[in-house]
Amino acid sequence: MLSSNISGPEPAAAGATAAAPSIALEIAHLTMIYARGRTAVHALDEITLSVRDREFVAIVGPSGCGKSTLLKLISGLRLPNRGAIRLYGRAVEGPRKDVGIVFQSPILLAWRTVLENVMLPIDVLGLPQETYRRKAVALLELVGLGGFADMYPQELSGGMQQRAAIARALVYDAPLLLMDEPFGALDAMTREQMNLELQRIWSAQRKTVVFITHSIAEAVFLADRMVVMSPRPGRILKIIDNPMPRARTLDDMLKPEFGELVRQVRGLLGGQAGGEL
Amino acid sequence: MNGAEDRPAAARSEGTDRKLADRLQRAALPLAVFVGLMALWEAVVDVLKIPTYLVPAPSAVFLAFIRGFAEAHYLFHALITGAQAVMGFLVGTALCLAIGVLVVVFPTMERIVYPYIVALQTVPKVAIAPLMIVWFGFGIESKIVIVALVSLFPVLVNVIAGLKSIDQDRLDLMSALSASRWQILRYLRFPNALPFIFAGLNTAIVFSVIGAIVGEFVGSNRGLGFLILQANFALDIAAAFALFVVLSIMGVTLHFTLQYIQTRVVFWAESEEFFRH
């Protein structure tokens, strides 16, 4: 009963047949060099990647491999030097309504209640209040904040704040969800819990997710495919398929195939990889 | 994850009783010192036979205070001064908000406007007060202009600083939603600036009483400033002291009224520090 209330309009992927999942995101030969002070930072080099509709892709790499830059480019917040990004068939030339973003920190506004924070995109985009208020309430229920709608974010713990931020990214029906190390600031136990919750939310909402992390275990636990990146300038070292069945449990992390995938990713990242298991 | 911050309700109500007792205890010492000082002052004036036209005894000030309200329309004059201070304060604040918004929305405006503001600030307002009387007359209008001029600067500086001090993260959040400049101002910059603005207003409210008195000194036939001049000319120093008391009561009232409004409007400010960690 929840999902019928929450599922939004179908993504703009018109003409897609049910049998062959369409491509949500196409990145071709993306290169990004930007100036930091007087030095030029070569952040990304020749990134080519496509993500299927409703796929969960994790991008994993050491700190400073340009993961966050890649996410800012996909979201249209920055523009690349070279290369192209297409989202649902249209080139990305600036911020778009079909992308929801969860940042590293929750970035909730202290003067708005949790529900009002979730409604912020609706206010800004000028969408009908009544319809989306009902949806926002249902989403808060989904992310486990049912009883906290009228509290202020500063009354919530870090994990709860990030749940609210996820609800905010989901509320305006964007088919693509970009997540930039959303659980990096949480303690290990809360983080595992949030990974489980995210898997549940993702399967309830059927979104396409691009999830950035420097935790190898988190990437393997969540993703259909792991995109392993090199240190700066960020290049794609390898894309690894993760055939482990859903819904995955925390116990799956103890299975040999899980360990094998982790070993593969860590092997690619080499000894200096900053990823904690 | 939740529940850890919940305080039991019983402990809270018990706490208010203790708080009241604490408050009484804390007020006792300053009160005792005050009474002691008054007694000492009374004794010194009495023993050394200091004439009333130099330093009046507290008892004489008290009598003058009572007589002033009963016979010399202190309340009427206090209301005039208070009204001038508050109206000038409001005019100045409105002006600052308008300038601040212009400067932030159109950044080139800052370079054009700021030099004049600084130039105006460096001129002692007492020096231009007589001119304001010439331009705006003997009545309330000239006082409002003088008060506005005096209280403008601290508010303006804080309005501009507040509207500009936004985290890049929060701006990214708004940009990702394709928010317009005005939407960013409305949903983000303005509420974010409120704690700064109130810091400026707290300084300005004190300045506004100074401005009103200066205006009345320069040219008026009513108000507390006018009464103080009269009392000085008549060598009625007890009355002058009584008027100082009236002035300080007015100042304290304005200050606490503003503080009350501040805690209501900027209810999140105390927790903001914690919230941003």
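Residues numbered from 1 in each chain as written. Chains lettered and ligands numbered in written order. Predicted model: local features only at pLDDT ≥ 70, side-chain atom pairs only at ≥ 80, totals over all residues. Heavy atoms only, no water.

1. A closer look at empty space enclosed by the protein
Consideration 1: Summed over all chains, the structure comprises 2 cavities of 30 Å³ or more.
Consideration 2: Taken as a whole, the largest cavity encloses approximately 80 Å³ of empty space.
Consideration 3: Lining the largest cavity, in full, are I101, F103, P121, A165, R168, A169 and Y172 of chain A together with L173, A176 and L177 of chain B.
Consideration 4: Going through the elements one at a time, α6 (158-170) of chain A together with α7 (168-176) of chain B are the ones with two or more residues in the lining of the largest cavity.
Consideration 5: A total of 3 residues in the lining of the largest cavity trace back to one element, the largest contributor, which is α6 of chain A.
Consideration 6: Of the voids in this model, the second largest cavity is the one considered here, and its volume is about 30 Å³.
Consideration 7: Forming the walls of the second largest cavity are L170, L177, L198, I201, W202, K207 and V209 of chain A.
Consideration 8: With 3 residues, the single largest contributor to the lining of the second largest cavity is helix α7 (residues 188-205) of chain A.
Consideration 9: Looking at the lining of the second largest cavity residue by residue, the class counts come to 6 nonpolar, no polar and 1 charged. (1 Å grid on protein atoms, 1.4 Å probe; cavity = no way out; pocket = protein on both sides within 12 Å on 5 of 7 lines; lining within 4 Å. Points joined across faces, edges and corners; volume = space filled by probe spheres on them. Helix = DSSP H or I, 4+ residues; strand = E, 2+ residues; numbered from the N terminus. Nonpolar A, V, L, I, M, F, W, Y, C, P; charged D, E, K, R; others polar.)

2. A short note on a nonpolar patch on the surface
Residue and element names in this part refer to chain B.
Consideration 1: A cluster of nonpolar residues, L29, V33, L37, L40, V44, V47 and L48, forms a patch on the protein surface that exposes about 690 Å² of accessible area.
Consideration 2: With respect to the helices and strands, V33 occurs in helix α1 (residues 9-47).
Consideration 3: A relative accessible area of 46% means that V33 is categorised as partly exposed. (Patch = residues over 30% accessible without salt bridge, like charges linked within 9 Å, V, L, I, M, F, W, Y side chains within 5 Å. Areas by Shrake-Rupley, 256 points an atom, 1.4 Å probe, with all protein chains shown as cover. Salt bridge = Lys/Arg side-chain N within 4 Å of Asp/Glu carboxyl O. Buried < 20%, exposed > 50% of the residue type's maximum accessible area, 1.4 Å probe, protein only.)

3. Details of the sheet that holds strand β1 (residues 23-36) of chain A
Consideration 1: Taken in spatial order, the 4 strands of this open sheet run β2-β1-β4-β5 (chain A), and their pairing is antiparallel. Each end of this open sheet is capped by a strand with a single partner; those strands are β2 (39-52) and β5 (90-91) of chain A. (Pairing = 2+ DSSP bridges.)

4. Quick look at the confidence of the model for chain A
Residues and elements named next belong to chain A.
Consideration 1: With 90% of its residues at a pLDDT of 70 or more, chain A shows a mean pLDDT of 87.
Consideration 2: Per-element confidence in chain A ranges from a low mean pLDDT of 45 for helix α1 (residues 2-6) to a high of 96 for helix α3 (residues 114-118).
Consideration 3: A low-confidence stretch, residues 1-5 (pLDDT under 50), is modelled with 3 contacts involving residues beyond four sequence positions or located in other chains.
Consideration 4: The model gives residues 7-19 a pLDDT under 50, and that stretch makes 10 contacts with residues more than four places away or in other chains. (pLDDT = per-residue confidence, 0-100. Contact = heavy atoms within 4.5 Å.)

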